[in-house]
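One letter stands for each residue in the lines below.
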Amino acid sequence: MSQYKNTNGDGWYIKVTNPRTKKSTTIRTNPKTGQRFSTKKEAKEYEMYYLKHKVNLSMTMDELFIKYIDTQLSPRENYSATKSKSWYNTHIKKKLGKRKITSLKLSDLESLARDMLDNGYSIHYINKMTTNIKTVLNYGVSHGFIETNPVSGYRSMKEIKTSDEIKYWTPREFQKVIDSISECYNENKTDIKYIRFFLIFGYLTGARKGEIRALKWNQIELNEDSGVIHFDYHLGPSNNIIKGRKNGNGYILHLDSSTLLLTKQIKEHFSRYDNFDPNGFVFPSLTSGFSFPLGAETPRRWIKELAEYNNLKNITFHGLRHSLVCYLATEVKLFPYEVADRIGDTVEVVLKHYYQFFQESRIKVANTISNHENKYFKEMIKEETFDDNKE
């Protein structure tokens, strides 16, 4: 931070270092008013003005990134700042760090993307890095360090997914996994039922791990023959509860008979505990109790261990969401818009990521068209129509 509170508690002052001369300037009063900076915000605003108009600063990418981290991320949890510094130091600093932000061009991002692709990084990851650069430069524009974002017109690399990239278990593979839990974890009888509950719940709801871990009993309505779950929150990296889902607003899941029965079984099981909290987490910490959620790494470990035990691919916990889509599309025969509504996503996303699960319905469409008697089409494609020797 370059804004500091006066030792007597009366107002703020700023320290600005000219990156060219390395000289530091302390400013204790606002030249526009002749008064001390009464708030930190006022001091920060004048610092922005000073840097742009008084120092005549042509800021480097390194300097802008430090400002971005300092003002945008420090007030939030440290995890975000640490993660941002990591990607910047790993991928950006060496190539663009010393460059003046006014000199950056679209070709710089294109070159960076090509280099990362040559080094084996996925297109998805590369696009995240280039988007982060654009975000930092947009911050520079909004705070007056640069007039326009020089790479705003950069287009992310096109990401083409194949069916091999969607990790999932078929319904029969998932059944095999569930049946093997007691054998895989035969030394800990307490965990067996918990593992079954958590994995089946993840499969039947298709909810993300952070959404399930954040779920509390006051978000679930259970009746005799119906039920509703409100997925309104998810957990951040430090187990902080964040409103909404990871990529959007909350959504409501109406329970089918199997999910309803499972949810009732889960509640009945945990309600037998002496420290059960009817407003606590649905899936509590195995060591700390109902006021704390299940650890983030635990479900990932379960999936990995069970995959190895059954000689199946490790789909990660998120793969249960993919597995549900496979089941709904191939076994239940739902249409894409019905699947999208069920998992709280858009039809566009479902068709983009899970197109291979809907091949049967496409074949059905082709057969329906084939079975339709259309004399005009048949007339047009008679064999003699394409006889090159026919005059």
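It should be noted that the structure appears before, not after, this text.
These notes cover the structure that comes with them.

Definitions and cut-offs
- Residues numbered from 1 in each chain as written.
- Predicted model: local features only at pLDDT ≥ 70, side-chain atom pairs only at ≥ 80, totals over all residues.
- Heavy atoms only, no water.
- Phe/Tyr/Trp six-rings, centres within 6.5 Å; stacked < 30°, edge-to-face > 60°.
- Buried < 20%, exposed > 50% of the residue type's maximum accessible area, 1.4 Å probe, protein only.
- Helix = DSSP H or I, 4+ residues; strand = E, 2+ residues; numbered from the N terminus.
- Expected span 1.5 Å × (residues − 1).
- Patch = residues over 30% accessible without salt bridge, like charges linked within 9 Å, V, L, I, M, F, W, Y side chains within 5 Å.
- Areas by Shrake-Rupley, 256 points an atom, 1.4 Å probe, with all protein chains shown as cover.
- Salt bridge = Lys/Arg side-chain N within 4 Å of Asp/Glu carboxyl O.
- Core = buried A, V, L, I, M, F, W, Y, C linked by side-chain atoms within 4.5 Å.
- Contact = heavy atoms within 4.5 Å.
- Axes fitted to C-alpha atoms, helices over the stretch in contact; angles between N-to-C directions.
- Parallel < 35°, antiparallel > 145°, perpendicular 65-115°, else oblique.
- Pairing = 2+ DSSP bridges.
- Arc of directions from axis to C-beta.

Some details on the packing of aromatic side chains
Both the distance between ring centres and the angle between the ring planes are used here to describe each pair of aromatic rings. The full count for this structure, using the stated rule, is 23 aromatic pairs. Centre to centre, the rings of Trp-87 and Tyr-88 are 6.0 Å apart; their planes meet at 70°, and the pair counts as edge-to-face. Residue Tyr-88 is classed as buried on the basis of its relative accessible area of 2%. Ring centres 6.3 Å apart and planes at 45° place the aromatic pair Tyr-203 and Tyr-327 in the tilted group. With a gap of 124 residues between them, Tyr-203 in helix 7 (residues 189-205) and Tyr-327 in helix 11 (residues 319-330) connect regions that are remote in the sequence. On the basis of relative accessibility, which here comes to 6%, the residue Tyr-203 falls in the buried class. The exposure class of Tyr-327 is partly exposed, given its relative accessible area of 31%.

A look at the environment of Glu-224
Structurally, Glu-224 is set in the loop between strand 6 (220-222) and strand 7 (227-231). With 40 residues separating them along the chain, Glu-224 and Lys-264 place their C-alpha atoms 9.7 Å apart.

Thoughts on helix 6 (residues 171-184)
Over its 14 residues, helix 6 runs 19 Å from end to end, which matches the ideal 20 Å to within 8%, given 1.5 Å per residue. Taken as a whole, helix 6 has its buried residues at Pro-171, Phe-174, Val-177, Ile-178, Ser-180 and Ile-181.

Describing a nonpolar patch on the surface
On the surface, Phe-335, Tyr-337, Val-347 and Leu-351 cluster together into a nonpolar patch covering about 380 Å² of accessible area. If you trace the backbone, Leu-351 turns up in helix 13 (residues 347-353).

Observations regarding the nonpolar core
Where a protein is soluble and globular, its nonpolar side chains tend to be buried together. Trp-169, Phe-198, Leu-199, Phe-201, Ile-266, Phe-283 and Leu-320 are the most contacted members of the largest nonpolar core, which has 43 residues in total. Within the residue set of this core, elements represented by two or more residues are helix 6, helix 7, strand 7, strand 10 (251-254), helix 9 (257-270) and helix 10 (297-309). Of the residues forming this core, the biggest block, 10 residues, is contributed by helix 7. Contacts of Leu-320, omitting those with residues within four sequence positions, involve Trp-169, Phe-174, Leu-199, Gly-202, Tyr-203, Ile-303 and Ile-315. Among the nonpolar cores identified, the runner-up in size contains 27 residues, and Tyr-88, Leu-104, Tyr-139 and Tyr-154 belong to it.

Comments concerning the packing of helix 6 against helix 10
Look at helix 6 against helix 10: their axes get within 10 Å of each other, and the N-to-C directions meet at 95°. If you check the angle between helix 6 and helix 10, you find them roughly perpendicular. Contacts between helix 6 and helix 10 involve Val-177, Ser-180, Ile-181, Glu-183 and Cys-184 on the former and, on the latter, Glu-305, Leu-306 and Tyr-309.

Overview of the pattern of salt bridges
Applying the stated criterion to the full structure yields 15 salt bridges. Here Glu-297 and Arg-300 are joined by a salt bridge, their closest N and O atoms 2.5 Å apart. You can see Glu-297 and its partner Arg-300 sitting in helix 10, three residues apart, about one turn around the helix. Classification of Arg-300 by relative accessible area gives partly exposed; the value is 38%. With a closest N to O distance of 2.8 Å, Lys-304 and Glu-308 form a salt bridge. Within this pair, Lys-304 and its partner Glu-308 are both found in helix 10, separated by four residues, close to a single helical turn. Taking the relative accessible area as the measure of exposure, Lys-304 reaches 43% and is therefore partly exposed.

Thoughts on the sheet that holds strand 1 (residues 3-5)
Pairing in this open sheet of three strands is antiparallel, and the strands run 1-2-3 from one edge to the other. Every interior strand has two partners, whereas the edge strands, strand 1 and strand 3 (24-27), have only one. Going from strand to strand, the sheet's axes swing by 25° on average, the running direction of each strand aside.

Things to note about the pairing of strand 12 (residues 289-293)
When strand 11 (residues 284-285) meets strand 12, the two strands line up antiparallel, connected through two bridges. Across the sheet, the residue bridging to Pro-284 is Pro-293, located in strand 12.

Structural notes on helix 12 (residues 336-343)
Along helix 12, the residues classified as buried are Pro-336, Val-339, Ala-340, Arg-342 and Ile-343. All buried residues of helix 12 project into a common sector of 165° when viewed along the axis, lining one side. Away from its buried face, by an angle of more than 90 degrees, helix 12 presents the exposed residues Tyr-337 and Asp-341. The elements touched by buried residues of helix 12 are strand 10, helix 9, helix 11 and helix 13.

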